[in-house]
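An overview of the molecular structure
The lines below spell out each chain.
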Amino acid sequence: MADVDKILKEMTLEEKASLASGKTFWLTKPIPRLGVPSVLMTDGPHGLRKEVGAERDEKGRTNVMKSSEKSTCFPPAVTSASTWDPDLLYRMGQAIGEEAQAQHVSTVLGPGINMKRNPLCGRNFEYFSEDPLLASRLATSFVQGVQSQDVGCSLKHFCGNNQEYNRMSVDTIVDERTLREIYLPAFERTVKDAQPYQVMCSYNKLNGTYLSDNRRMLTDVLRKEWHFDGIVVSDWGATNDRVEGVKAGMDLQMPTCKGIDDRAVVRAVRNGDLDEADLDAMTARLLRYAFRCADGQTGAATDYTKHHALCREIGAKGAVLLKNEGLLPLRDDETVAVIGKLAEESRYQGAGSSRIECKNLVHLTTALRQEGKKYTYAQGYTLQGDGVDENLLQEAVRTARGKDKVVLVVGLTDAYESEGFDRTHLDLPEGHNKLVEAVLAVNKNVVIVLEGGSPMRMPWKDKVGAILNVYLQGEAVGESICDLLYGKVCPCGKLAETFPEELSDVLSQKYFPMGPKTVEYREGIFIGYRYFDSARKNVAFPFGFGLSYTSFVLSDFAVTDDFTVTCTVENVGKVAGSEVVQAYVHAVDSPVFRAEKELKGFTRVSLEPSEKKTVTVKLDERAYAFYNTAVNDWSVLSGKYEILVGTSSRDILFTEERTVVGQEEVALPAYSEEVKQVYGRIDACTEIPASAFASLYGKELPDNSPYKVGNFHQNCTLSDVSCTKVGKGIVKVMKFIGKLIAGDSVNAAMIVNTVTSLPLRAFSGFSGGALSPYSVAGLVDIFNKKKGGFRKFLAGFLPKNK
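Residues numbered from 1 in each chain as written. Predicted model: local features only at pLDDT ≥ 70, side-chain atom pairs only at ≥ 80, totals over all residues. Heavy atoms only, no water.

1. Looking at the overall build of the protein
To keep it simple, the criterion reads: Under the scheme used here, helices are H or I runs from DSSP no shorter than 4 residues and strands are E runs no shorter than 2 residues, and both carry numbers assigned from the N terminus. The buried label applies to any residue whose accessible area, calculated with a 1.4 Å probe on protein chains only, is under 20% of its type's maximum; exposed applies above 50%, and partly exposed to all values in between. Any two residues whose heavy atoms approach within 4.5 Å at even a single point are treated as in contact. To measure how exposed things are, a 1.4 Å probe is used in the Shrake-Rupley method; for residues, cover is taken only from the protein chains shown. In this tally, Asp and Glu contribute negative charge and Lys and Arg positive charge; neither His nor the terminal groups of the chain are included. Charge coordinates come from a single atom per side chain, which is NZ of Lys, CZ of Arg, CG of Asp or CD of Glu.
When you go through the protein residue by residue, the secondary structure sums to 26 helices and 28 strands. Considered along the principal axes of its C-alpha atoms, the protein spans approximately 80 × 70 × 55 Å. Buried residues in the protein amount to 65% of all 802 residues. Long-range contacts, defined as pairs at least 24 residues apart, comprise 75% of the intrachain contacts of the protein with a sequence gap of at least 6. Element-wise, carbon and sulfur atoms account for 49% of the exposed surface of the protein, whose accessible area totals about 28,600 Å². When the 97 positive and 104 negative side-chain charges of the protein are each reduced to one mean point, those points stand 5 Å apart.

2. Re helix H25 (residues 773-783)
Listed in full, the buried residues belonging to H25 are Ser775, Val776, Gly778, Leu779, Val780, Asp781 and Phe783. One or two positions beyond H25, positive phi appears at Lys785, with a value near 60°.

3. So, the pattern of salt bridges
Opposite charge on two side chains makes pairing possible when the charged atoms of those side chains draw close. Here is the rule we go by: A side-chain nitrogen of Lys or Arg and a carboxyl oxygen of Asp or Glu constitute a salt bridge if their distance falls within 4 Å.
In total, this model carries 65 salt bridges according to the counting rule given. Here Glu313 ties to Lys317 by a salt bridge, and the two come within 2.8 Å at their closest N and O atoms. Taken together, the residues span about one helical turn, with Glu313 and Lys317 both in helix H12 (residues 304-318) at a distance of 4 residues. Classification of Lys317 by relative accessible area gives partly exposed; the value is 25%. We note a salt bridge from Glu570 to Lys612, for which the minimum N-O separation is 4.0 Å.

4. Points about helix H7 (residues 185-194)
Among the 10 residues of H7, 8 are classified as buried, and the element is accordingly described as predominantly covered. Three or more residues of H7 are buried, namely Pro185, Ala186, Phe187, Glu188, Arg189, Thr190, Val191 and Ala194. Of the surrounding elements, those touching the buried residues of H7 are helix H5 (132-147), strand E5 (152-158), helix H6 (176-183), strand E7 (198-201) and helix H8 (215-225). Taken from the residues just after H7, Gln195 is the one with a positive phi, measuring 45°.

5. Digging into the environment of Gln163
When you line up the elements, Gln163 lands in the loop between E5 and strand E6 (171-173). With relative accessibility at 3%, the residue Gln163 sits in the buried group. Taking C-alpha positions, Gln163 is 31 Å from Pro491, a pair spaced 328 residues apart along the chain. Beyond its immediate sequence surroundings of up to four residues, Gln163 is in contact with Cys121, Val170, Asp422, Phe512, Pro513, Met514 and Val519.

6. Digging into the sheet that holds strand E10 (residues 231-234)
We apply this condition: In this scheme, strands are said to pair when DSSP sees at least two bridges between them. Helix axes use the C-alpha atoms of the stretch in contact, all axes being lines fitted to C-alpha atoms, and the angles between their N-to-C directions lie in the range 0 to 180 degrees.
Taken in spatial order, the 5 strands line up as E1-E4-E5-E7-E10 in an open sheet, and their pairing is parallel. Each having just a single partner strand, strand E1 (41-43) and E10 make up the two edges of the open sheet. Neighbouring strand axes in the sheet, compared pairwise and without regard to direction, differ in orientation by 30° on average. Where E5 lies against E7, 3 bridges are found, and the strand directions are parallel. Looking across to E7, one finds that Ser154 is bridged to Gln198. Across the sheet, helix H11 (residues 276-296) is in contact with E1, strand E4 (107-109), E7 and E10; its angle to E10 comes to roughly 90°.

7. Some thoughts on the packing of aromatic side chains
What counts, and what does not: Note on aromatic pairs: the rings of Phe, Tyr and Trp (six-membered ring only in Trp) are paired at centre separations within 6.5 Å, and the planes decide the class, stacked below 30 degrees, edge-to-face beyond 60, tilted for the rest. We call a charge positioned above a ring when the Lys NZ or Arg CZ atom is no farther than 6 Å from the ring centre and deviates by at most 35 degrees from the ring normal.
In this structure the tally under the stated criterion is 23 aromatic pairs. Seen from their ring centres, Tyr529 and Phe543 are 4.5 Å apart, and the 20° between their planes marks the pair as stacked. Placement of Tyr529 in helix H18 (residues 528-534) and of Phe543 in the loop between strand E19 (539-541) and strand E20 (552-561) is noted, with a sequence separation of 14 residues between them. By the burial criterion, Tyr529 is buried, and Phe543 matches it. Plain terms: the ring middles of Phe541 and Phe545 are 5.9 Å apart, the flat faces sit at 25° to each other, and that makes the pair stacked. Classification of Phe545 as buried rests on a relative accessible area of 15%. Against the face of Tyr304 rests Lys359, its NZ or CZ located 4.4 Å from the ring centre.

8. Digging into the nonpolar core
Counted only if it meets this: We call a set of buried Ala, Val, Leu, Ile, Met, Phe, Trp, Tyr and Cys residues a nonpolar core when their side-chain atoms join them within 4.5 Å.
In this structure, Phe158 and Tyr679 are the most contacted members of the largest nonpolar core, which totals 181 residues. If sequence neighbours within four positions are ignored, Phe158 has contacts with Leu184, Phe187, Val199, Met200, Cys201, Ser202, Leu211, Met217, Leu218, Leu222 and Trp226. Cys358, Tyr471, Tyr486 and Phe541 belong to the second largest nonpolar core, which has 71 residues in total.

9. Observations regarding the state of the cysteines
Heads up, the condition is: Our working definition of a disulfide is a cysteine sulfur pair at a distance within 2.5 Å.
Inspection of every chain in the model, using the stated rule, returns 0 disulfides. You can see Cys293 has no disulfide; the closest cysteine sulfur is in Cys153, sitting 11 Å from it. Here Cys492 stays unpaired: no disulfide links it, and the sulfur of Cys490, its closest cysteine neighbor, is 6.4 Å away.

10. Quick notes on the pairing of strand E16 (residues 466-471)
Taking burial as the measure, the 6 residues of E16 include 6 buried ones, the bulk of the element. Where burial is concerned, the two faces of E16 agree: the one with Ala466, Leu468 and Val470 and the one with Ile467, Asn469 and Tyr471 are both buried. Sheet topology note: the strand E11 (residues 320-324)/E16 ladder contains 4 bridges and is antiparallel. The partner of Asn324 across the bridge, within E16, is Ala466.

11. Notes on the pairing of strand E12 (residues 336-339)
Alternating positions in E12 separate into two faces, Val336 and Val338 on one and Ala337 and Ile339 on the other, with burial throughout. Relative to strand E14 (residues 405-411), E12 is paired through 4 bridges, and the arrangement is parallel. In the strand pairing of E14, Val338 is matched with Val407. Here E12 runs beside strand E13 (residues 376-378); their pairing, made up of 3 bridges, is parallel. Directly across from Val338, in E13, lies its bridge partner Tyr377.

12. Let's talk about the sheet that holds strand E8 (residues 205-206)
Pairing is mixed across the open sheet formed by 4 strands, whose spatial order is E9-E8-E6-E18. Taken across any chain shown, the strands that pair with only one partner, and hence form the sheet edges, are strand E9 (209-210) and strand E18 (518-520). In the sheet, E6 pairs with E8 via 2 bridges, with the strands oriented parallel. Considered in E8, the bridge of Thr172 is made with Leu206.

13. As for a nonpolar patch on the surface
How we decide: Here a patch means residues that are over 30% exposed by relative accessible area and free of salt bridges, tied together within 9 Å if like-charged and within 5 Å if nonpolar (Val, Leu, Ile, Met, Phe, Trp, Tyr).
On the surface, Val733, Phe736, Ile737 and Leu740 cluster together into a nonpolar patch covering about 410 Å² of accessible area. Its place among the elements puts Phe736 in helix H22 (residues 725-742). Phe736 sits in the exposed class, given a relative accessible area of 55%.

14. A short note on the packing of H12 against helix H17 (residues 477-485)
What counts, and what does not: By the definition adopted for this analysis, an angle is roughly parallel if under 35 degrees, roughly antiparallel if over 145, roughly perpendicular if from 65 to 115, and oblique otherwise. For a crossing to be left-handed, the near helix must be turned anticlockwise from the far one by less than a right angle; the clockwise case is right-handed. All residues other than Ala, Val, Leu, Ile, Met, Phe, Trp, Tyr, Cys, Pro, Asp, Glu, Lys and Arg, Gly among them, are scored as polar; the first ten of these are nonpolar and the last four charged.
One can describe the packing of H12 onto H17 by two numbers: an axis separation of 8 Å at closest approach and a directional angle of 45°. With respect to H17, the axis of H12 lies oblique. You can see that H12 and H17 cross each other, and the crossing is right-handed. Between H12, through His308, Arg312, Gly315 and Ala316, and H17, the contact on the second element is made entirely by Glu479, Ser480, Asp483 and Leu484. Its residues placed into classes, the contact of H12 with H17 shows 2 nonpolar, 3 polar and 3 charged.

15. Description of the side chain of Asn118
For clarity, the cut-off: Each polar contact in these results corresponds to two N or O atoms within 3.5 Å; when the atoms are within protein, one needs to be able to donate a hydrogen and the other to accept it, and residues that are neighboring in sequence are counted only if both atoms are side-chain atoms.
Mapped onto the elements of the fold, Asn118 is located in the loop between E4 and H5. Separated by 3.0 Å, the side chains of Asn118 and Gln509 make a polar contact. The residues contacting Asn118, other than those within four sequence positions of it, are Asn124, Val506, Ser508, Gln509 and Phe512.

16. Topic: the side chain of His586
With respect to the element layout, His586 can be found in strand E22 (residues 577-587). From its side chain, His586 meets the backbone oxygen of Glu596 in a polar contact 2.7 Å long. Sequence-distant contacts of His586, defined by excluding residues within four places in its chain, comprise Glu596, Tyr641, Glu642 and Leu644.

Okay, here's the thing in structure tokens:
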């Protein structure tokens, strides 16, 4: 690596500031005279999206996000997480790293490890789990796999970014204990164990401060506590105040700002508003990053055929068999109807910035033909709107009548879930539900194949004979589903999230997505199974659940010390398969409110028929700890704890109580009586009073009323200012332009929603510098009905004000 200290001494102030932002949408800036290289990064949580030009996608639709070089589209995180297999995630990361080398990409923008606070978050398909331990184990392995190929990862989105509505401006209000126990651990463990090249800060505020300006999170926590040694990059357009960002430890602003914020940094140093030492520290980190990336580039060729086979393996291992009353696997001598447009045009990935152009996409109907399987096909519904088409429905009923088995492929379409907007309900498109009911009326032997990126409500689940939840399978979607349906592969996936019975059962739903200014995480630590199990709520399918074509017996349980569990797992069925042994911890009679149980360890074991193995589950180092706000650290209280071992959070097969000796004379949080009553009896709560949450939060809750004329500012969105005549007109124009640009793009809904949720300040960056910050300030004055606003807006186009 080059001598960074020497280069830094030779750099001018302007050159240092120039490194603080990108050269283009994807490239960093070079400094040729000093040999500083420009390096390339691309989207890539489940494959590479290296843009090459504006063309059309694989269905001929306009691709506004620009065409990208073809790559292996692996299953997104929602599917790979259901494997519960860190080793498999390492292999997936390794393959993506190999493809990055072949395409001369230095950093892959992923993985995303935000917690699934609510099942309606539009981007949940990109995230691993509702549990931080599971997410951290999988993310760590993925990052290590990618970086084994001398290609970097960007761990995102740091942090508290758990909704798409107003994601670029909303203030996430979360108490410190919840932040430490739920929303930070996956980032912490991945940073400590894998040291990603980058951490990407999210758009939102966290407790009043934008992440891009948040010195506490970016420096005090990330660098000082966790010893992160990489760079912090902004999410694209997430930079609030570039000078404050430098002070906070936000290194790289992306995409390019056309030099606008670079000049602001130079001015700040010269007028004393920014210590050049802070700029030097940032520059040194950026230099080390650039040289590390450049030195690691080999351009080595890769094997896409091998990676396609890996995609097929991950997809099959990540599918979750939710129900099976003997209908699966299918037999070759059966008459089979395959019904549903999603069988012919499978949904295999999510919509948004992560969308990959596949190297080798194989839909289910294609795979069935290639494997020589005999079937009769009917479309059943359309992929537009609610999908209802009476003619297609009647054709499907005729096709289903008299068949031995009917495979119905239903799920969420791109219009129902995407980056850029949140879902508003758990329901499938109406046409899909009508199809299921209509087919059940003529044939009871119905197998449901469920495609989608998050939990769905299944009103017919008790009527059908089998439900195979395949989530989003990646480019080998058809082959992996075919393997599962016909028993070539035994399903062994486990849910990494809870499927609720009803949306109203989700505690956070009353506080999701919230806005326009803030979102309050009133439920505290009680998300996912932590809430459902503590509240003893019925669920459709619990966290960690998944069936198989074989059966396993767990026996000979033993807890050899406070952190080690062993048991014997035997495959008593007729086919090979895998089981996941899960260990949870329950604090008995804790003086501090805790969840009923928390996942603290797991291991996956594969067994041939009649084979048995002894497996060991190591509990997490914080297995008995909680984050103690009285001492601002993790504490273990002496007392009784139960270790619970099973195959899901609800299927507990073994329990052992242990007395743990903790820290002596530990101060406890001074929770108010209301906090103790509400959070200590979460099973009796249907909602969290604002007063209880404010007490837990430790301060008055910020105002969340809509913006009004007179208090608009540069961080208000177009939606915020639409209450004014001028704002309303601009929103109409921008929506029209967004729709015009989006056309029939698969990402159309995301693009239109993103346009109206952009903060006003972002229009300077996304306009390529055409709209200066001075002009944006003029716009703010116009919305606030201040005199001279229009003149200021026009003056912003003068060279002296850019």
